[in-house]
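Report on the structure
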Amino acid sequence: MEDLIPLVNRLQRALSRASRSCCLHVPQIAVVGGQSAGKSSVLESFVGRDFLPRGPGLVTRRPLILQLLVGDEEYGEFSHCEGKKFTDFDDVHDEIEAETRRLTGSNKGICAVPISLRIHSPHVVNLTLVDLPGITKVPIGDQPADIEYQVRDMIMQFIRKEDCLILAVTPANTDLANSDALKLAKEVDPQGQRTIGVITKLDLMDEGTDARNILENRLLPLRRGYIGVVNRSQKDIEGKKDIKAALLAEKNFFTSHPAYKHMAESTGTAHLQRTLNRQLTNHIRDALPAFRSLLQNQLLQLNREADEYRRHPPDDAARRTGALLRSVQRVAAVFEKLMGGSGDKVDTVNLSGGARINQIFHERFPCELAKCKSDERTLRREITFAIRNTHGVRTGLFTPDMAFQAIVRKQISRLKGPCVQLVDTVSRELLATVGQCLSELTSYPKLQEETGRMVTTEIQEQEGRCRNQVLLLVDLQLAYVNTKHEDFIGFNNAQQSCKQRNKRSVAATAASHGVAPPSRLIVGDCSSLFLLSATDSLSSVLTRSCASSTRADVHVLCHFLFPRSSPTATLAHVSHGLFCYRVKCLVPQVLRKGWLTISNIGLLKGGAKEYWFLLSAESLSWFRDEEEKERKYVLPLDNLRLRDVEKSFMSSRCVFAVFNTELRNVYKDYRCLELACDSQEALDRWKASLLQAGVHPVDEGGGGAPETFGDPQVERQVETLRSLVDSYMSIVYKTLKDQMPKTVMHLMINGVKEFIGSELLARLYARGGAGCSPLMDESPEQRRRREAVLRQHAALKEALDVVGSFSTSTCTTPLPPPVDSSWIRPPSPTRPPQSTPAHTTSLRRPPAPPHRTPPGVPRILLLPQTGNDSFCSKLHYPAAPAACASLASGLFRGSSSREA
């Protein structure tokens, strides 16, 4: 069993050569305690030499892994100075300070990177300990303000490991119930299976007090108990008192002190070394099976990669050829997945790949096309000039066909810009997608660079061909204006449409001047009535009726019959008579929902306000929240347009505005509503939905009332041509919305996909072949990865051989039975620690919980006795039966001196 600790030290040396990704931790003992608790003195007593830095404040600023090994010679070795022996322990002291300053500087900062020190000596027992920084509360000098939390986190990194024993060092002249070391140990080891208590400075206690109850494990019991030691005082250290003399003085102290002489054999530094050696040995033995299993699992994970590296060195031609083939196939597969939306990793934050291109096709491109439409005022002016220029000096009687052709061709020519912009945008998205695919080739930077160059060149070539084809499609529309198209409205229908618009305009003008229209009707249900004009549409009737009704059905009492229930039909389009019609409550189609901020209303009322907006085919509504219970307002979409609003220098949100083309207020006293989105993508989606609902965008200077003309005949011709142009351009828009995405998909996306899948590999081979080409040279990161994997594999294999060379069938001492450790209060970050009153004794016993005798156990009267044969020493529970030990500990905790 004595060979287990050297075995663990061999394991530590073997695993120290592995990379940091190796997450194996060998069993060790972590020394935890407050500043000036005596941790360094205990470790120096183990070695018998002065070698640790000392001084006021935080001295231990890096963890020190101290390996004590029995040997014939006495010297020290550092892992960062491999092969160099330090026979002078003053040099060991200086090297520790120099290595600490190398990473932490001189500002009392700390660093979690440990210093590894091996000490060979005939005067030590085999031990592995970790000296940790002392627990501090207040920063000193130029220490960081959070030094307490930094030290705590560093300590927790070590003691939370299940294979680490905790040596909790507490000075005897402080209250044990407030021990920081025991509180930290309680957090990570609530059952007390890994905690060993050490009581220092027993010789500095107040006269008349002692720590007998603590050392007998009766006051605040631990499962592994407490061990008392007496170290050198500060005066002894400054006077260079020999450690051997200090150990002899410690022995005389325990054998001569009346409170400790009966337990002198179980106290002192020598007993502490033997106990730690025995308990660490037992702990290592218990942890070895699980440690061997972890070694085997990590070795199996690395076997395949390490074998691949060994069998195929970096300059092997077969390996380079296979790596090239696999790399190109991987790039093609990733590109296919990103375009098709079946990737292994789905982005939950932003659109990318095929989804981004789909948004460009069906949201951004239609919005850009709609922006090319002339606003009402500009279109009327262009038509007027075209008509008059076509007539020349003559006065025309009929609507000229040449004016229609000129206006249509001018409108179509404006569409070249959005179509070319579509190609450019898709090209940029393809380049971004290819950049994501090239991340698979980071191991071969030259191959990554050459592949990126080839694919980029191919995308640029495809972009040129696609741009030419797109412009050709627009030129085809310009070449022939097909007025025989089945969807074209025609001259006769255009004139009828103009007459109907004129009637609605007259009715609206009369209503605005307070003149009642000739035909009105009443629509309503049992709760509300509406007075409608003959020009109101069926959809507006239903919208207003449904908005005020809570029932599923709305009764409409009207003077006319709605023809075929067309949403665009007006009451004036009906032919006969008095009729009572029952209409099902038609809910308009919801096109989009979401949060928007009205940025121009709340400026004088505490800032912009955010509402839940609902866009339907008939109206734009907003609510207080997404439950849609409290409606704030319903804005009809008739005569609404939208325009972009420049971003404010104080805000990064995207803003657009909706307004009425007839210069009416859209909401209360506001001519427009400025709505803000969180991102450009959200803005594009709202624009696409508004465009679908018939709300078209205009330029910044667009909008306003249409111009009026003095010549009634010209005005009728303008109205007719406007209807014809609108009808024909809707056909062109519909055609381009369908043809442009298909053209881009065929010539660009599918072309690039085919190039990567079939031609890329051949072109890379044409560069000189993979076997001798520098394309397959490894990157420095890949080279370091190869070396780290081989080094880690060798270290794990060596460690597994070391573990396999030892048999764990040796018997060991069982773990002591559990004790009541509820007295250890976990630290509370919000409550400050309570200070002990000055007049109380430092070892004041905490209040004992009420004790009840277990059923069937008679009560025992404890009489005070002295000497080595006291009842307490007979019931020292590590050597007593379990039942007797639990009974004795319960009686000691529950019985006060008054009851005794």
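If you're wondering where the values come from, they're calculated on a predicted model, not measured in any experiment.

Looking only at helices and strands, the protein chain has 22 helices and 20 strands in total. Counting over 900 residues, the protein chain shows a buried share of 47%. Considering only residue pairs separated by 6 or more positions, the protein chain has 75% of its internal contacts joining residues 24 or more positions apart. Within the structure as shown, the protein chain displays about 47,000 Å² of accessible surface, and the carbon and sulfur contribution to it stands at 52%.

This paragraph deals with a negative patch on the surface. On the surface, a cluster of negative charge is made up of Asp-88, Asp-90, Asp-91 and Asp-94. Positionally, Asp-94 belongs in helix 3 (residues 89-104). Residue Asp-94 is classed as partly exposed on the basis of its relative accessible area of 42%.

Moving on, we come to the pairing of strand 18 (residues 654-660). For strand 18, a buried count of 7 out of 7 residues is recorded, marking the element as mostly surrounded by other parts of the structure. Residue alternation in strand 18 divides its side chains into two sets, Cys-654, Phe-656, Val-658 and Asn-660 and Val-655, Ala-657 and Phe-659, and both sets are buried.

Once that is clear, we can look at the confidence of the model for the protein chain. Per-residue confidence for the protein chain averages 74 on the pLDDT scale, and 71% of its residues sit at or above 70. Confidence, read as mean pLDDT per element, is least for helix 21 (residues 871-874) in the protein chain (36) and greatest for strand 8 (residues 226-228) (93). Across residues 19-23 the pLDDT falls below 50, and counting only partners more than four positions away or on other chains, this stretch makes 9 contacts in the model. This model gives residues 828-900 a pLDDT under 50, and the stretch forms 62 contacts once residues within four places in sequence are excluded.

In this section: the sheet that holds strand 15 (residues 619-623). Each strand in a sheet pairs with its neighbour through backbone hydrogen bonds, running either in the same direction (parallel) or in the opposite one (antiparallel). Ordered in space as 16-15-14-13-19-18-17-20, the 8 strands form an open sheet in which the pairing is mixed. The open sheet is flanked by strand 16 (631-636) and strand 20 (696-697), the only strands paired with a single partner. Pairing geometry for strand 15 and strand 16, over 5 bridges, is antiparallel. In the sheet register, Ser-621 faces strand 16, and the bridge partner there is Val-634. Seen against the sheet, helix 18 (residues 680-692) touches strand 13 (590-598), strand 14 (609-616), strand 17 (640-645), strand 18, strand 19 (672-677) and strand 20 and runs at an angle of roughly 130° to strand 13.

As a further point, take the sheet that holds strand 6 (residues 164-171). Strands sit in the order 3-4-2-5-1-6-7-8 across an open sheet of 8 strands; the sheet is mixed. The open sheet has two edge strands, strand 3 (75-78) and strand 8, and neither has a second partner. On average, each strand axis in the sheet is inclined to that of its neighbour by 25°, with strand direction left out of account. Pairing of strand 1 (residues 28-33) with strand 5 (residues 127-131) involves 3 bridges; the strand directions are parallel. Bridging across to strand 5, Ile-29 finds its partner in Leu-129. Those strands touched by helix 2 (residues 39-47) are strand 1, strand 2 (64-70), strand 4 (115-121), strand 5, strand 6 and strand 7 (195-200), and its axis lies near 155° from that of strand 5. Most of the contacts of helix 3 go to strand 4, to which it runs at about 170°, and overall it touches strand 2, strand 3 and strand 4.

Moving on, we get to the pairing of strand 19. A large share of strand 19 lies buried, amounting to 5 of its 6 residues. Two strands pair when backbone bridges link them, and strand 13 and strand 19 are joined in this way by 2 bridges, in the antiparallel orientation. Paired with Thr-597 across the two strands is Ala-676, which belongs to strand 19. Across 6 bridges, strand 18 lies against strand 19 in antiparallel orientation. Its bridge partner lying in strand 19, Phe-659 is registered against Cys-672.

Taking 1.5 Å of rise per residue, the 24 residues of helix 10 (residues 317-340) would be expected to cover 34 Å, and the 35 Å separating its terminal C-alpha atoms lies within 8% of that figure. Those residues of helix 10 that fall on the buried side of the exposure criterion are Arg-319, Arg-320, Gly-322, Ala-323, Leu-324, Ser-327, Val-328, Val-331, Val-334, Phe-335 and Met-339. Positive phi shows up at Gly-341, right after helix 10, with a value of about 80°.

With that settled, the discussion passes to the environment of Arg-278. Position of Arg-278 among the secondary structure elements: in helix 9 (residues 269-311). The exposure class assigned to Arg-278 is partly exposed, which follows from its relative accessible area of 41%. For the pair Arg-278 and Leu-127, spaced 151 residues apart in the sequence, the C-alpha separation amounts to 9.5 Å.

On to the side chain of Lys-687, then. With respect to the secondary-structure elements, Lys-687 resides in helix 18. Setting aside residues no more than four positions away along its own chain, Lys-687 makes contact with Cys-367, Lys-371, Leu-642 and Asp-644.

Turning to the packing of aromatic side chains, a few remarks are in order. The tally for this structure, following the rule as stated, stands at 13 aromatic pairs. Measuring from centroid to centroid gives 6.2 Å for Phe-404 and Tyr-728, while their planes differ by 80°, and the two rings are edge-to-face. Of the two residues, Phe-404 is situated in helix 13 (residues 401-413) and Tyr-728 in helix 19 (residues 712-766); the sequence distance between them amounts to 324 residues. One exposure class covers both Phe-404 and Tyr-728, and it is buried. Summarising the aromatic geometry, the rings of Tyr-633 and Tyr-667 are spaced 4.8 Å apart at their centres and angled 75° between planes, so their arrangement reads as edge-to-face. With Tyr-633 in strand 16 and Tyr-667 in the loop between strand 18 and strand 19, the pair connects residues that are 34 residues apart, well separated along the chain. A connected cluster of aromatic rings, assembled from ring pairs, spans Phe-613, Trp-622, Tyr-633 and Tyr-667. For the cation-ring pair, Lys-161 lies above Phe-158, with the distance from its terminal atom to the ring centre recorded as 4.9 Å.

On to the packing of helix 12 (residues 376-391) against helix 13. Look at helix 12 against helix 13: their axes get within 9 Å of each other, and the N-to-C directions meet at 140°. On the basis of the axis angle, helix 12 is oblique to helix 13. Where helix 12 crosses over helix 13, the handedness of that crossing is right-handed. Across the interface between the two elements, Leu-379, Glu-382, Ile-383, Ala-386, Ile-387 and Thr-390 of helix 12 pack against Met-402, Ala-403, Ile-407, Lys-410 and Gln-411 of helix 13. Taken together, the residues that form the contact of helix 12 with helix 13 break down as 7 nonpolar, 2 polar and 2 charged.

This brings us to the nonpolar core. Core analysis: the biggest nonpolar cluster contains 66 residues, and Phe-404, Val-426, Leu-430 and Met-740 have the highest contact counts within it. If you tally residues by element for this core, the top one is helix 19, at 20 residues. Discounting residues that sit within four places of it in the chain, Val-426 has contacts with Ile-357, Ile-360, Phe-361, Val-744, Met-748 and Ile-749. In terms of nonpolar packing, the next biggest core, distinct from the first, is built from 47 residues, Ile-119, Val-169, Ala-799 and Val-803 among them.

Reading the values: the criteria
Residues numbered from 1 in each chain as written. Predicted model: local features only at pLDDT ≥ 70, side-chain atom pairs only at ≥ 80, totals over all residues. Heavy atoms only, no water. Helix = DSSP H or I, 4+ residues; strand = E, 2+ residues; numbered from the N terminus. Buried < 20%, exposed > 50% of the residue type's maximum accessible area, 1.4 Å probe, protein only. Contact = heavy atoms within 4.5 Å. Areas by Shrake-Rupley, 256 points an atom, 1.4 Å probe, with all protein chains shown as cover. Patch = residues over 30% accessible without salt bridge, like charges linked within 9 Å, V, L, I, M, F, W, Y side chains within 5 Å. Salt bridge = Lys/Arg side-chain N within 4 Å of Asp/Glu carboxyl O. Lys, Arg positive; Asp, Glu negative; His and termini not counted. Charge placed at Lys NZ, Arg CZ, Asp CG, Glu CD. pLDDT = per-residue confidence, 0-100. Pairing = 2+ DSSP bridges. Axes fitted to C-alpha atoms, helices over the stretch in contact; angles between N-to-C directions. Expected span 1.5 Å × (residues − 1). Phe/Tyr/Trp six-rings, centres within 6.5 Å; stacked < 30°, edge-to-face > 60°. Lys NZ or Arg CZ within 6 Å of the ring centre and 35° of its normal. Parallel < 35°, antiparallel > 145°, perpendicular 65-115°, else oblique. Left-handed = near helix turned anticlockwise from the far one by under 90°. Nonpolar A, V, L, I, M, F, W, Y, C, P; charged D, E, K, R; others polar. Core = buried A, V, L, I, M, F, W, Y, C linked by side-chain atoms within 4.5 Å.

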